[in-house]
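Here is what each chain is made of, one letter per residue.
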Amino acid sequence: MDAVERLPSTQGPAPGEKQYASLALVNTEFALPGGLYDGLSDADAAHEWLRERGLIAARTRVGADGIRRLLVLRDTLRVIFTAHDAGERPTEDALGRLNRTLATAPGVRELTWTEEGPALTLHHRAGAAIDVALALLAEEAAELLTGPDGAKLSACGARGCTRLFIRAHASRRWCSDRCGNRVRAARHYAGHGRAVTRQAP
Ligand SMILES: [Zn+2]
């Protein structure tokens, strides 16, 4: 494996990131043996991420406080997702922060009448763009945890990798082929290590 391949930023999205922006948000920061990677390292990167996810409009500018709150939500979701994966209860602090984020732009439902009859439409209360974006991320995270994919939310089993992913099947333990290969290579070397030890006097 050469140095370029080990750069964490070359890692593709983990399974589940495409469906769940909240999971993708958590995974914008992760450690790999190659180092720590932060996909939201400055305001421009954060804007780009929010735009790519359709969470803010192209021309929306988010203030420094909004970016800081996005990073706080990322940390909060990591605490909650990790606790869930471990079968534990998240801290009250993290739960409180998530619920306060939901409350900043709560969903408002409206009954409308179409040609087919009554329909229920979900609107978001008018507010700062970042409030709505953060509330949408928090809502989606809550839906992920309480929905059928909640039980499939997992931490990558490769040592040193801190990414989370949605397991497509029960035996999947790694967030990427690269992590799986790394684990297999480590086992291979460990096996050689033991063989050498056994031969020692
Ligand atoms: Zn991994």
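So, how was this worked out
- Residues numbered from 1 in each chain as written.
- Predicted model: local features only at pLDDT ≥ 70, side-chain atom pairs only at ≥ 80, totals over all residues.
- Helix = DSSP H or I, 4+ residues; strand = E, 2+ residues; numbered from the N terminus.
- Buried ≥ 20, exposed ≤ 12 C-beta atoms within 10 Å, placed from the backbone.
- Contact = placed C-beta atoms within 7 Å.
- Pairing = 2+ DSSP bridges.
- Core = buried A, V, L, I, M, F, W, Y, C linked by C-beta atoms within 7 Å.

Engineer: Outline the overall build of the chain, supporting the account with residue identities and numerical values.
Structural biologist: In terms of regular secondary structure, the chain is built from 6 helices and 6 strands. The linear arrangement of helices and strands in the chain, starting from the amino end, is α-β-β-α-α-α-β-β-α-β-β-α. Of all 201 residues assigned to the chain, the portion counted as buried reaches 27%. Considering only residue pairs separated by 6 or more positions, the chain has 55% of its internal contacts joining residues 24 or more positions apart.

Engineer: Which residues make up the pairing of strand β1 (residues 29-32), and what values do they have?
Structural biologist: Residues in a regular strand project their side chains so that they alternate between the two faces of the sheet. In β1, alternate side chains face the same way, and those of Phe30 and Leu32 are buried while those of Glu29 and Ala31 on the opposite face are not. Both β1 and strand β2 (residues 35-38) contribute to a ladder of 4 bridges, which runs antiparallel. Along β2, the bridge assignment pairs alanine 31 with leucine 36.

Engineer: Give me the lowdown on the nonpolar core, citing residues and values where you can.
Structural biologist: One broad rule of soluble globular proteins: the nonpolar side chains tend to lie buried together. Grouped together as the largest cluster of nonpolar side chains are 40 residues, with contacts concentrated most on Ala133, Leu134 and Leu137. Where this core is concerned, the elements lending two or more residues are α1 (21-26), β1, α2 (43-52), α3 (64-85), α5 (129-146) and β6 (164-166). At 9 residues, the largest contribution of residues to this core is made by α5. Setting aside chain neighbours within four positions, we find alanine 133 in contact with Leu50, Leu55 and Ile56.

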